[in-house]
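# A closer look at the structure
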Amino acid sequence: MKKRWLFARLGMAGALVAAAGVMVLAPPAQSIEASLSAQASPVWQTNASVQGLAVAAGKAYAGGRFTSVRPPGSPLGTNEVSQAYLAAFDATTGELAASFNPVLNGQVYAVAASPDGSRIFVGGDFTTVNGVTRNRIAAFDTATGALVTNWKPSVSYRVKSIAVSGDGETVYFGGSFGLVNGIDRLRLAAVTADLGTLLPWAPSANGDVYAVDIADDGSKAYAGGQFSTVNGTNQNTVSSLDPVTGAVLPFPGATAVPPPNGSCTTRVKSIDASGDTVFFGNGGDGAGCFDGTWAVDIATNTLKWKNQCLGATETVKFVNGWLYKGSHAHDCAYNGAGAFPQGFGYRFLLTENPVDGKIGPWFPNTNAGPPTEVGPLAFATGGTDLWVGGDFTTTNGTGQQGLTRFTSSGPGAAPAKPAKLLPYSVQPGTVQIHFPTVVDNDDSTLTYRLLRGFSNTTIATWTATSTPWDRPWLHYTDTAVTPGEVTNYRVEVTDGTTTIRGNYSDPITVASTASTAYDKLVSADGPQAYWRLGEAAGSTTSVDASGQSNNGTFTGMTLGSAGKVSGNSAATISSSTGRMAGEKGYSMPQQFTVEAWFKQSIFRGGRIIGFGNSKTGNSSMNDRMLYLRSNGTVTFGVNDGSQRTLNSTSNKNNSAWHHAVGTFDNGVMKLYVDGVLAGSQTVGQASLYYGWWRVGYDNNNSWSGGGATQTGMVVDEAAVYPYALTADQVVAHYNAG
């Protein structure tokens, strides 16, 4: 028999193995699960921000702050071609369209194309184009690149956004202006697309307009920005308008945007209407202020969904069945947004499911650069691609300034290379293998195969889902091996197109007798971190014996104390804040085990091992921990919005060694002390934050009994696992100690 297992939440669809090398393959993953590859396609760069984009007639038109462009791969200042504020690029090759070289005297904020692609319309701060007057808005013929001579509305101040109606007859625009052709138009206006004739459409906004768009069927216009009234009616930063009269329309979905208060003001910064849905992106001022996206049914103007990722959303675009989002998202676990927590880092490019707003399987990234320091600022599509403009200077870690693009062609990104396996054999005729999944930047669902020997015989297959912030582990027990046999293992992973194989493991001899060595039993059960705490006195680094390279740093701990396990010493917490913190951070684990041996003297307690959101110093958030109360009760605590605890009997601070284990499996928490189940309960989701596993002190005074003096506690053999140990595993560890 060969045993293959993994966490239920992975949605396993794998092989049923009847005999060595005989299997039924899991359904293959697809090579691009989102609609676009995460691999950037070559395109020229700019020397400063791109703020507006449109694709038309085989070209991508970019407007912004830039004054020159250069080929991909060229560092700033090399191979520069002078081209200020507006440029065009071949939509297939990404090369500069040198024949399009208009001369503008000010930056461009908005670029839009007519539905038939015959014209582009640009808006911004400029007042001349090619030496003739064009006050903040202009049109170009895409066939010739020429300025349209008879299209010349005159706008008194900045044009920030432009949208063209689906029938191609009307150009709507918004910004900071008060006059068009000398006639009052308070930040919103419309002109004809053919001659630029000013239309009577004149909604009046009391603050700057950042975004405008028109429903595909022409039934509604939408405007967003820094305003609180339109036509004298209260409109909190967003409004739905009659596209002919300019009247304010009922808009129940706008309640998605919270009203401003003393600590939070949020504004609609991007709008994209597509089919029967209009999508919005918000950016807020203030901690926890709404920065996310939301979607509205165009027919009814009612809310479909709201995603509350923190980190201002600057641009959104619907492409090939997915909503793409440019932002500096840094907390997408906030209010149930469904992805990474605060502390994981910034994701400047994301995709969302247009049905429910959940984060999708597309993980390229940019950085953010001056002057705005936000990353992507503008999106455009030709239907099967995404052009991205902004203030960034890198794409996927490679130099690429101001402009990048992603297409649906090619195989997409390849999966990362699987880690070298660390198999263990501690029982006769069995080998245990545990390994983390990998990330593919445009396909979160991958197929894994476990291969045995140099013949690369497939012995197990899984289909599992992973993301950059959540890489579950897979597990396998191979019993189709012979005691004394020497073999090895490796993993291959495929996205359906590209297959990547990891390195062979070191050779392993299959056990002939059962091992009783504590460290071998722990290692065989696949810890994510294993700190034996047996370093020599004076050491500052705690070595991770799991093979996962999560070494830690000692602070306020004395090494060299007699340990629980023969042949290995232990660490004594010698100060009130003594601790050892691992160097690797993790995103909000929902399946885990914490384990350690400890001893403490009477009337004292302390934190044994747990999770906190600070790598150094004191955490403001901490849970997933084992601690000892001053009465000798061992407590296992998890925060699901409330502090949930399980408690052992008292008197475990009797200067004797005790074994404590806390397990958590998607809401089921259990506490074992000295090999015996002390309690269990079902709770909610553990707290959603990014943190570090720490042995010893953290700031858990707010937890019941958590303030006991910890000085003098001795801790040994601390381990963390990426799954819940079984009762049999816990007992085996206790008996071996």
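Look a little higher up for the structure.
Overview of the structure. Source: prediction; values computed, not measured.

## Regarding the overall build of the protein chain
A count of helical and extended segments in the protein chain gives 2 helices and 59 strands. Taking 2.2 N^0.38 as the reference for a compact globule, 737 residues should give roughly 27 Å; the C-alpha atoms of the protein chain span a radius of gyration of 30 Å, in line with that estimate. The principal-axis extents of the C-alpha atoms in the protein chain amount to approximately 90 × 60 × 50 Å. The buried share of the protein chain, reckoned over its 737 residues, is 58%.

## Regarding the nonpolar core
Trp 531, Ile 609 and Phe 636 are the most contacted members of the largest nonpolar core, which has 37 residues in total. Counting residues per element, this core draws most heavily on strand S50 (residues 591–599), at 4 residues. Judged by nonpolar contacts, the second largest core, of 20 residues, contains Leu 446, Leu 450, Tyr 476 and Val 510.

## Considering the pattern of salt bridges
As enumerated under the stated definition, the model contains 17 salt bridges in all. A salt bridge links Asp 272 to Lys 317; the nearest nitrogen and oxygen atoms lie 3.4 Å apart. Of this pair, Asp 272 sits in strand S24 (residues 265–274) while Lys 317 sits in strand S28 (residues 313–319); the two residues are 45 residues apart in sequence, bridging distant segments of the chain. Given a relative accessible area of 6%, Asp 272 falls into the buried group. With a shortest N-O distance of 3.6 Å, Lys 304 and Asp 276 are connected by a salt bridge. With a gap of 28 residues between them, Lys 304 in strand S27 (residues 303–307) and Asp 276 in the loop between S24 and strand S25 (277–285) connect regions that are remote in the sequence. Among the ionic contacts, a cluster of salt bridges with common partners joins Arg 449, Glu 492 and Arg 501.

## Topic: the side chain of Gln 729
Looking at the element boundaries, Gln 729 is found in helix H2 (residues 727–736). Note on Gln 729: relative accessible area 13%, which makes it buried. There is a polar contact of 3.3 Å between the side chain of Gln 729 and the side chain of Tyr 723. Not counting residues up to four positions away in its chain, the partners in contact with Gln 729 are Asp 525 and Tyr 723.

## A closer look at the sheet that holds strand S18 (residues 188–192)
Pairing is antiparallel in the open sheet, where 3 strands are placed in the order S14-S15-S18. The open sheet has two edge strands, strand S14 (159–164) and S18, and neither has a second partner. With strand direction ignored, the average angle separating the axes of adjacent strands in the sheet is 25°. As defined by bridge partners, strand S15 (residues 170–175) adjoins S18 across 5 bridges and the pair is classed as antiparallel. What sits directly across from Phe 173, in S18, is Ala 189.

## Some words on the sheet that holds strand S29 (residues 322–329)
With antiparallel pairing, 3 strands are arranged side by side in an open sheet as S28-S29-S30. Sheet topology places S28 and strand S30 (347–352) at the edges, where each strand pairs with a single neighbour. Strand after strand, the sheet turns through a mean of 20° between neighbouring axes, direction not considered. Relative to S30, S29 runs antiparallel, the two being bridged by 5 bridges.

## Things to note about the pairing of strand S37 (residues 445–452)
Of all the 8 residues making up S37, 7 are buried; the element is thus mostly covered by neighbouring parts of the structure. Pairing geometry for S37 and strand S38 (residues 457–465), over 8 bridges, is antiparallel. Its bridge partner lying in S38, Thr 445 is registered against Thr 465. As defined by bridge partners, S37 adjoins strand S41 (residues 489–494) across 6 bridges and the pair is classed as antiparallel.

## Quick look at the environment of Gly 662
Along the polypeptide, Gly 662 turns up in strand S55 (residues 658–665). The spatial distance from the C-alpha of Gly 662 to the C-alpha of Asp 470 is 21 Å, given a sequence separation of 192 residues. Apart from residues lying up to four places away in sequence, Gly 662 is in contact with Phe 592, Thr 593, Val 594, Leu 626, Phe 636 and Lys 670.

## Here's the deal with the state of the cysteines
Evaluated as defined, the whole model comprises 2 disulfides. In the protein chain, the bonded cysteines, numbered by position in the sequence, are linked as 1-2, 3-4.

## Structural notes on the packing of aromatic side chains
What characterises a pair of aromatic rings is the spacing of the ring centres plus the angle enclosed by the ring planes. Summed over the entire model, instances satisfying the criterion amount to 33 aromatic pairs. Taking the centre distance of 4.7 Å and the plane angle of 90° together, the rings of Tyr 324 and Trp 362 count as edge-to-face. Of the two residues, Tyr 324 sits in strand S29 while Trp 362 sits in the loop between S30 and strand S31 (376–380), which places them 38 residues apart along the sequence. Take Tyr 324 and Trp 362: they sit in the same class, and that class is buried. Ring centres of Phe 340 and Phe 344 lie 5.7 Å apart, and the angle between their planes is 40°; this geometry places the pair in the tilted category. Ring pairs connect the aromatic residues Phe 340, Phe 344, Phe 363, Trp 469, Tyr 690 and Trp 692, which therefore count as one cluster. Directly above the ring of Tyr 504 sits Arg 490, whose terminal nitrogen or CZ lies 4.0 Å from the centroid.

## Comments concerning unusual backbone geometry
Looking along the chain, the bond that leaves Pro 370 and enters Pro 371 is cis, with omega of 5°. Residue position: Pro 371 is located in the loop between S30 and S31. Positive phi outside glycine occurs at Arg 187, with the angle close to 75°. As for its placement among the helices and strands, Arg 187 is situated in the loop between strand S17 (183–184) and S18. Positive phi, close to 55°, is recorded for Arg 624, a residue that is not glycine. Along the chain, Arg 624 falls in strand S52 (residues 622–628). Taking the relative accessible area as the measure of exposure, Arg 624 reaches 0% and is therefore buried.

What counts, and where the lines are drawn
Residues numbered from 1 in each chain as written. Predicted model: local features only at pLDDT ≥ 70, side-chain atom pairs only at ≥ 80, totals over all residues. Heavy atoms only, no water. Helix = DSSP H or I, 4+ residues; strand = E, 2+ residues; numbered from the N terminus. Rg over C-alpha atoms; globule rule 2.2 N^0.38 Å. Buried < 20%, exposed > 50% of the residue type's maximum accessible area, 1.4 Å probe, protein only. Core = buried A, V, L, I, M, F, W, Y, C linked by side-chain atoms within 4.5 Å. Salt bridge = Lys/Arg side-chain N within 4 Å of Asp/Glu carboxyl O. Polar contact = N/O pair within 3.5 Å; in protein donor to acceptor, adjacent residues only side chain to side chain. Contact = heavy atoms within 4.5 Å. Pairing = 2+ DSSP bridges. Axes fitted to C-alpha atoms, helices over the stretch in contact; angles between N-to-C directions. Disulfide = S-S within 2.5 Å. Phe/Tyr/Trp six-rings, centres within 6.5 Å; stacked < 30°, edge-to-face > 60°. Lys NZ or Arg CZ within 6 Å of the ring centre and 35° of its normal.

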